[in-house]
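# Geometric and topological summary
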Amino acid sequence: MSSTDLRIVPRPEHTVSRKRIDPNALKVMYRLHRAGFKGYLCGGGVRDLLLARRPKDFDIATDARPHEVKSLFRNSRIIGRRFKITQVYFKDGTIVQVSTFRASSEFEEVADSGGPPEVGDGLVGDEVGAETAVDTVAGDGSDDMPLETGAVARVTSAASPPSLLIRRDNVYGTPEEDAFRRDLTINGLFYDISDFSIIDYVGGLADLEAKVIRIIGDPDIRIQEDPVRMVRAIRHSARLDFAIDSPTREAIVRHAARLLECSTARVLDELYRDLRGGAAAPALKMMLELGLLDAILPALARFLRDGPREEIERTWRSVEALDATSDYGDAPQPGVLWSVLAGPYLLSRVAVDGESGSGDFGTAIELAFRELTRPLAVGRKDAERVKLLLLTRRRLEQALATGRLPKTLVHRPYFEDAISYFDMVMRADGGEVPGWLRAGRELAPVGGGMPGAPGDVSPTGDEGATSPAPRRRRRRRRRGGRSSSVDSPLATPTGAEAEAIVDTEPIDEEEGVAALGLTGGEVGELAPAEDAAPASAKRRRRRGRRGRRGGGTSTPPAAE
């Protein structure tokens, strides 16, 4: 593809309408245009609009330099180290990313001339790893930036063959050069706000019409520059149900092992995007077929090929259940994602190794998970969360069998994640989490125990309902006599009263103050029950005592 193949589609001949573009993105493009700069909507935003899909974000490309963009938008900041991007913030929480057009990389120029590419900044060995360890752009949620930020090399030796992996990319260029720097042809399209036309330098419109995923340029060179492009190609193929063209597919098979040349943090981020994107099952099956899963999770790849057929099928059903929940709201946390993806593998591994007691079970699960994810260096926090979710799964299964849910489990910080994971497990087996078990998460009081019998929640005849706990009858205070210490809201219960409520959870201090109707100034003045009582109550008690000493009864004062 060259500049002679440029295709410009005027507004009457395409379906992209400004009504479907985020108003904040339009503001950014219009202000850039009025200031004399180009303002193009780019990447996935144009692709999704042409496919009548709802874009998840709107990225802008311009010929303005980052400091010039920042001067136009006071509500902006410049981020990134390897390539600077300007983020423009709006009051509704929208963040519009503005990047400057980039030129062809130094590695492509050297490769075209037949000379060896330089490695990094002249560093070799451990210096390369130290200098380029992780170079991510904060807040970058885009799949379709011109060069995927954070592509770095692992430690290499001076004797290793030179790598094409891009490490420096702070070179600005033209719209055409920027289009050829992008990963896929369908992501290399521009929408020009000045005349509302679509600009296509890379043949993206034809590939959209043919439903083909194609890496821009020579796929062997482009994948070596940034191996994460392989994951991007598979992701878009799975999400859009497009076919990967033969040269790109063959290059992915040849270079699958290079995926771990990128930083593990970045590979993990790409894997999480796949799992949360609503098409995890087809994407993972394609990664398994083309060898990418063997590179990053070899133990799981072997299990999905050679493991017990029932467990393999259960794994795929669990991932499909995860895809079905992708539109329900908040994205699942990493612990939930790993439990869904690796749960059958971990449970079968522990069953083979043997177990005795929940302590041994939890330790075995954690050790097996760390061994599974060692190539990706998954953090200890996620390993601990996976262990807790699988342990909680056993307790939830027991709760279903007995019809009773321990209230101590409801208040665990990971209980909501456990219910989300258990819901996917139940869906994978053709079932569903019953309403009364969901109520443990949705209706648990913040400061007290669960509704129902003391210490447990149990189902009733009405689906989704819980049995209300019987209310303790409050003893009425006698007029004119000493008030009961238990009746006073600020008093400390003793004896049988204390034993009756020993299992309740502590009440939050702010909630307790609000329940008593106290103001901020009164909170600091609280004293023991006798001193905190109103003056009128004190006078009534003194009159009662005088009446008893005199052998008579005191007359209660009139209601105030």
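Criteria and cut-off values
- Per chain, residue numbering runs from 1 following the sequence as it is written.
- Whole-chain, interface and lining totals are the exception, using all residues; otherwise, since this is a predicted model, local features are given only for residues with pLDDT of at least 70 and side-chain atom pairs are given and counted only at 80 or more.
- For the side-chain quantities, the full set of heavy atoms in the structure was used; hydrogens and water were omitted.
- Each helix corresponds to a stretch of at least 4 residues labelled H or I by DSSP, and each strand to a stretch of at least 2 residues labelled E; elements are numbered beginning at the N terminus.
- The cut-offs for exposure are 20% and 50% of the maximum accessible area for each residue type, with area from a 1.4 Å probe on protein chains only; residues under the lower value are buried, those over the upper are exposed, and the others partly exposed.
- We call two residues contacting when some pair of their heavy atoms lies within 4.5 Å.
- For two strands to be treated as a pair, DSSP must find at least two bridges joining them.
- Helix axes use the C-alpha atoms of the stretch in contact, all axes being lines fitted to C-alpha atoms, and the angles between their N-to-C directions lie in the range 0 to 180 degrees.
- Identification of polar contacts relies on pairs of N or O atoms within 3.5 Å, with a donor-acceptor requirement for protein atoms, meaning one able to donate a hydrogen and the other able to accept it, and with residues adjacent in sequence counted only if both atoms are side-chain atoms.
- Salt bridges are defined by distance alone: a side-chain nitrogen of Lys or Arg within 4 Å of a carboxyl oxygen of Asp or Glu.
- Under the convention used throughout, the expected extent of a helix is 1.5 Å for every residue step, that is, one less than its residue count.
- Remark: nonpolar core denotes a set of buried residues (Ala, Val, Leu, Ile, Met, Phe, Trp, Tyr, Cys) joined through side-chain atoms within 4.5 Å.
- Note on aromatic contacts: the rings of Phe and Tyr and the six-membered ring of Trp form a pair at centre separations within 6.5 Å, being stacked when their planes are under 30 degrees apart, edge-to-face when over 60 apart, and tilted otherwise.
- Distance and angle both matter: a charge sits over a ring if NZ of Lys or CZ of Arg is within 6 Å of the ring centre and within 35 degrees of the ring normal.
- Without a salt bridge and with relative accessible area above 30%, a residue can belong to a patch; like charges are then joined within 9 Å and nonpolar side chains (Val, Leu, Ile, Met, Phe, Trp, Tyr) within 5 Å.
- The Shrake-Rupley method, run with a 1.4 Å probe sphere, supplies the accessible areas, and residue values consider only the shown protein chains as cover.
- Neither His nor the chain ends is counted toward charge; the positive residues are Lys and Arg and the negative residues Asp and Glu.
- Here the site of a charge means NZ on Lys, CZ on Arg, CG on Asp, or CD on Glu.
- The pLDDT value expresses, per residue, how confident the predictor is, ranging between 0 and 100.
- Just so you know how the angles are binned, under 35 degrees is roughly parallel, over 145 roughly antiparallel, 65 to 115 roughly perpendicular, and the rest oblique.
- Amino acid classes used here: Ala, Val, Leu, Ile, Met, Phe, Trp, Tyr, Cys and Pro are nonpolar; Asp, Glu, Lys and Arg are charged; the rest, including Gly, are polar.

## Quick notes on the overall build of the chain
Each helix and strand in the chain was counted, giving 26 helices and 12 strands. The burial tally for the chain puts 47% of its 560 residues in the buried class. Within the chain, contacts between residues separated by at least 24 positions form 70% of all contacts whose residues are at least 6 apart in sequence.

## Some remarks on the sheet that holds strand β5 (residues 85-89)
Note on sheets: strands pair through backbone hydrogen bonds, and any given pair is parallel or antiparallel. If you trace the eight strands from one edge of the open sheet to the other, you get β1-β8-β7-β2-β3-β6-β5-β4, paired in mixed fashion. Every interior strand has two partners, whereas the edge strands, β1 (7-9) and β4 (76-79), have only one. The mean angle between the axes of side-by-side strands here comes to 30 degrees, regardless of whether they run parallel or antiparallel. Pairing of strand β2 (residues 39-42) with strand β7 (residues 189-192), which is carried by three bridges, proceeds in the antiparallel orientation. Bridge pairing in β7 places Cys42 opposite Phe190.

## A few points about the environment of Arg18
Tracing the backbone through its elements, the reader meets Arg18 in the loop between β1 and α1 (23-34). In the structure, Arg18 is positioned 178 residues away from Phe196 in sequence and 8.5 Å away in space, judged by C-alpha atoms. When residues no more than four places from it in sequence are discounted, the contact partners of Arg18 are Leu26, Tyr30, Tyr191, Ile193 and Phe196. A distance of 2.9 Å separates a polar atom in the side chain of Arg18 from a polar atom in the side chain of Tyr30.

## Details of the pattern of salt bridges
Counted according to the given criterion, the structure contains 28 salt bridges. Arg232 is the salt-bridge partner of Asp183, the closest N and O atoms lying 3.7 Å from each other. You can see Asp183 sitting in the loop between α6 (175-181) and β7 and its partner Arg232 sitting in helix α9 (residues 228-240), a full 49 residues away along the chain. With respect to class, Asp183 is no different from Arg232; both count as buried.

## Overview of helix α11 (residues 264-276)
In this model, α11 (13 residues) spans 18 Å end to end at C-alpha, consistent with the 18 Å of a helix rising 1.5 Å per residue. Among the residues of α11, Arg266, Val267, Leu268, Glu270, Leu271, Tyr272, Arg273, Asp274 and Leu275 are the ones counted as buried. Of the residues flanking the end of α11, it is Gly278, one or two places downstream, whose phi is positive at about 90 degrees.

## Description of the nonpolar core
The biggest cluster of nonpolar side chains holds 98 residues, and the ones touching the most others in it are Ile21, Trp338 and Leu376. With nine residues, helix α16 (residues 334-353) is the single largest residue contributor to this core. Excluding residues that lie within four positions of it along the chain, Leu376 makes contacts with Leu260, Thr264, Val267, Leu268, Leu271, Ile296, Leu297 and Trp338. In terms of nonpolar packing, the next biggest core, distinct from the first, is built from 12 residues, Leu405, Leu409, Ile419 and Trp436 among them.

## Points about helix α18 (residues 380-402)
End to end, α18 covers 33 Å across 23 residues, agreeing with the expected 33 Å (1.5 Å per residue, within 8%). Taken residue by residue, α18 has Asp382, Ala383, Val386, Lys387, Leu388, Leu389, Leu390, Thr392, Arg393, Leu396 and Ala399 as its buried positions. Gly403 lies just past α18 and shows a positive phi near 75 degrees.

## Considerations on unusual backbone geometry
For Asp241, which is not glycine, the phi torsion reads 60 degrees and is therefore positive. Positionally, Asp241 belongs in the loop between α9 and β10 (243-244). Looking at Asp241, the relative accessible area reads 68%, which means it is exposed. Despite not being glycine, Ala377 shows a phi value in the positive range, around 55 degrees. Within the secondary structure, Ala377 sits in the loop between α17 (357-372) and α18.

## As for the packing of aromatic side chains
As enumerated under the stated definition, the model contains eight aromatic pairs in all. Taking 5.7 Å as the distance between ring centres and 55 degrees as the angle between the ring planes, the aromatic pair formed by Tyr40 and Phe101 counts as tilted. Of this pair, Tyr40 sits in strand β2 while Phe101 sits in the loop between β6 (95-100) and α4 (106-113); the two residues are 61 residues apart in sequence, bridging distant segments of the chain. Accessibility classification places Tyr40 together with Phe101 in one group, the buried group. Ring centres 5.4 Å apart and planes at 75 degrees place the aromatic pair Phe303 and Tyr345 in the edge-to-face group. A residue pair is termed long-range when its members are at least 10 positions apart, and Phe303 in helix α14 (residues 298-306) and Tyr345 in helix α16 qualify at 42 residues. Accessibility expressed as a relative area gives 8% for Phe303, which makes it buried. Pairwise contacts between aromatic rings join Tyr40, Phe101, Phe190 and Tyr201 into one cluster. Note that Arg18 overlies the ring of Phe196, its terminal NZ or CZ placed 4.1 Å from the centroid. The ring of Phe83 carries Arg102 above its face, with NZ or CZ at 3.7 Å from the centroid.

## Concerning a positive patch on the surface
On the surface, a cluster of positive charge is made up of Lys27, Arg31, Arg34, Arg74 and Lys91. A relative accessible area of 85% places Arg74 in the exposed class.

## Let's talk about the side chain of Asp274
Within the secondary structure, Asp274 is located in helix α11. Within polar-contact distance, the side chain of Asp274 engages the side chain of Arg235 at 2.7 Å. Each residue touching Asp274, except ones within four places of it in the same chain, is listed here: Val231, Arg235, Ala279, Ala280 and Met287.

## Description of the confidence of the model for the chain
Per-residue pLDDT for the chain averages 75, and the proportion of residues at 70 or more is 63%. In the model, residues 481-533 has pLDDT below 50 throughout and makes 41 contacts with residues more than four positions away in sequence or in other chains.

## Describing the packing of α11 against helix α12 (residues 280-290)
Where α11 contacts α12, the two axes come as close as 7 Å, and the packing angle between them is 135 degrees. Judged on the interaxial angle alone, α12 and α11 are oblique. Residues Leu271, Asp274 and Leu275 of α11 touch α12, and the partners they reach there are Ala280, Leu284 and Met287. Split into classes, the residues belonging to the contact of α11 with α12 amount to five nonpolar, no polar and one charged.

## Some thoughts on the environment of Phe73
Here Phe73 is to be found in the loop between α3 (66-72) and β4. Taking relative accessible area as the criterion, Phe73 reaches 3% and is therefore assigned buried. In this structure, the C-alpha to C-alpha distance between Phe73 and Val28, residues 45 residues apart in sequence, is 8.5 Å. Once residues lying within four places of it in the same chain are set aside, the contact partners of Phe73 are Val28, Arg31, Leu32 and Val88.

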